[in-house]
Amino acid sequence: MKNANTKQDSKKDFVNNVFDSVFDKYDLMNDIMSFGIHRLWKRNLIDWLQPKKNSHLIDMAAGTGDLTKLYLERTNFDSKSCMVDQNFEMLNKGKKKLELYKNIDYFCAKAEDIPVKDSSFDYYIISFGIRNVSNIKKALKESFRVLKPGGRFMCLEFSKVNNEFVDHCYSKFSDLIPTIGKIVTGKKEPYEYLIQSIKEFYNQKELKELIKEADFSNIEYRNLATGIAAIHSAWKK
Ligand SMILES: C[S@@+](CC[C@H](N)C(=O)[O-])C[C@H]1O[C@@H](n2cnc3c(N)ncnc32)[C@H](O)[C@@H]1O
């Protein structure tokens with residue numbers, strides 16, 4: 001157990017250092033690396049969620065707040081969001097970006113240990129965050145705890161490509177990402193981590209299984225761009 005904790009602490013520190021070094025150029029690099037497609041995928045998630053007015057979202061690993069922005073706009077600002085991120089700089093960047101938006105709480109905290117009461121939220125969203133979390137099982141349990149009964153969990157994350165040709169092109173393009181990162185931000189290592197973490201992450205079915213282990217029901221996923229990314233949806237009964 002002690003070893004597992006040490007391993008998780010060192011992953012947390014490592015991931016925090018990664019985001020400390022990219023927070024300033026995070027949005028720009030996202031647009032460059034995905035040709036802006038990450039914006040469509042985030043819209044896709046909100047389209048599938050169809051958030052109701054007067055609802056309460058927790059945007060976990062919120063970073064610069066793209067999902068909170070889309071959610072508040074989609075509900076005509078008749079809703080509340082709680083942005084949570086373990087990295088102060090990323091959260092602060094999001095806070096500045098959304099300074100004109102009301103109804104947002106900000107917590108610098110970990111997905112594995114959320115400082116809120118049980119059954120607080122209608123929706124839990126984690127977008128391109130779960131891959132970075134040190135203890136995914138614990139984070140999923142926490143997401144279940146903070147959702148109200150009837151609440152919905154949604155996760156957008158890189159996944160496994162199911163088309164050979166796309167896989168080949170994607171893999172060649174991925175090899176270029178650290179060099180592009182170096183040109184745009186002056187740093188290569190955070191983007192080497194990005195590519196490695198995507199390669200090592202669970203496939204669609206494995207992630208579905210982990211979500212099930214956290215007691216969620218009606219778990220479904222949709223592939224985006226032949227599985228480059230996937231959205232998982234699940235419910236707390
Ligand atoms: C790739 S960014 C995603 C930001 C945003 N959700 C988006 O889709 O653009 C990943 C974020 O996860 C945060 N993060 C990583 N591990 C975390 C954890 N255990 N708890 C909370 N946030 C975490 C990082 O600090 C970073 O801001």
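Computed from a predicted structure; not experimentally measured.

**A few points about the pairing of strand 1 (residues 56-60)**
On any regular strand, side chains alternate: one points to one face of the sheet, the next to the other face.
(1) Moving on: A large share of strand 1 lies buried, amounting to five of its five residues.
(2) Moving on: Both faces of strand 1 are covered, namely the face carrying His56, Ile58 and Met60 and the face carrying Leu57 and Asp59.
(3) Moving on: As paired elements, strand 1 and strand 2 (residues 80-85) share five bridges and run parallel to each other. Opposite Met60, over in strand 2, you have Val84 as the bridge partner.
(4) Moving on: Handedness of the crossover is the feature at issue here: the chain leaves strand 1, passes through helix 4 (residues 66-74), returns alongside strand 2, and the resulting connection is right-handed.

**Section: a nonpolar patch on the surface**
(1) Moving on: A contiguous nonpolar patch, built from Phe35, Ile37 and Leu40 and spanning about 330 Å² of accessible area, is present on the exposed surface.
(2) Moving on: Within the fold, Phe35 resides in the loop between helix 2 (26-34) and helix 3 (37-49).

**Some words on helix 7 (residues 164-185)**
Note: α-helices contain 3.6 residues per turn, so residues at a spacing of three or four share the same orientation.
(1) Moving on: The end-to-end C-alpha separation of helix 7 is 31 Å, in line with the 32 Å expected for 22 residues at 1.5 Å each.
(2) Moving on: Remark: the principal bend of helix 7, roughly 30°, maps to Ile177, with a proline, Pro178, within the next four residues.
(3) Moving on: All buried positions along helix 7 are accounted for by Tyr170, Ser174, Ile177, Pro178, Gly181 and Thr185.
(4) Moving on: Looking at the buried residues of helix 7, the elements they touch are helix 2, strand 5 (147-158) and helix 8 (189-200).
(5) Moving on: One side-chain oxygen at the N-terminal end of helix 7 lies 3.0 Å from the backbone nitrogen of Phe165; it belongs to Asn163.
(6) Moving on: Immediately beyond the C-terminal end of helix 7, within one or two residues, lies Gly186, with a positive phi of roughly 85°.

**As for the pattern of salt bridges**
(1) Moving on: All chains considered together, the criterion is met by 14 salt bridges.
(2) Moving on: Put simply, Arg145 and Glu142 hold a salt bridge, and the shortest N to O gap is 2.6 Å. Taken together, the residues Arg145 and Glu142, both in helix 6 (residues 136-146) and three residues apart, mark about one turn of the helix.
(3) Moving on: Its relative accessible area of 23% is what places Arg145 among the partly exposed residues.
(4) Moving on: A relative accessible area of 10% means that Glu142 is categorised as buried.
(5) Moving on: One connected set of salt bridges, linked through shared partners, spans Asp27, Lys42, Asp66 and Lys97.

**Topic: the packing of helix 2 against helix 3**
(1) Moving on: Taken N-terminus to C-terminus, the directions of helix 2 and helix 3 make an angle of 95°; their axes are 7 Å apart at the nearest point. Compared by their axis directions, helix 2 and helix 3 come out roughly perpendicular. Judged by residue contacts, Asn30, Asp31 and Ser34 of helix 2 engage Ile37, His38, Arg39 and Lys42 from helix 3.
(2) Moving on: Among the residues forming the contact of helix 2 with helix 3, the class breakdown is one nonpolar, three polar and three charged.

Reading guide: rules and limits
Residues numbered from 1 in each chain as written. Predicted model: local features only at pLDDT ≥ 70, side-chain atom pairs only at ≥ 80, totals over all residues. Heavy atoms only, no water. Buried < 20%, exposed > 50% of the residue type's maximum accessible area, 1.4 Å probe, protein only. Helix = DSSP H or I, 4+ residues; strand = E, 2+ residues; numbered from the N terminus. Pairing = 2+ DSSP bridges. Right-handed = clockwise from strand over helix to strand, strands pointing away. Patch = residues over 30% accessible without salt bridge, like charges linked within 9 Å, V, L, I, M, F, W, Y side chains within 5 Å. Areas by Shrake-Rupley, 256 points an atom, 1.4 Å probe, with all protein chains shown as cover. Salt bridge = Lys/Arg side-chain N within 4 Å of Asp/Glu carboxyl O. Expected span 1.5 Å × (residues − 1). Bend = angle between axes of the 7 residues up to and from the residue. Contact = heavy atoms within 4.5 Å. Polar contact = N/O pair within 3.5 Å; in protein donor to acceptor, adjacent residues only side chain to side chain. Axes fitted to C-alpha atoms, helices over the stretch in contact; angles between N-to-C directions. Parallel < 35°, antiparallel > 145°, perpendicular 65-115°, else oblique. Nonpolar A, V, L, I, M, F, W, Y, C, P; charged D, E, K, R; others polar.

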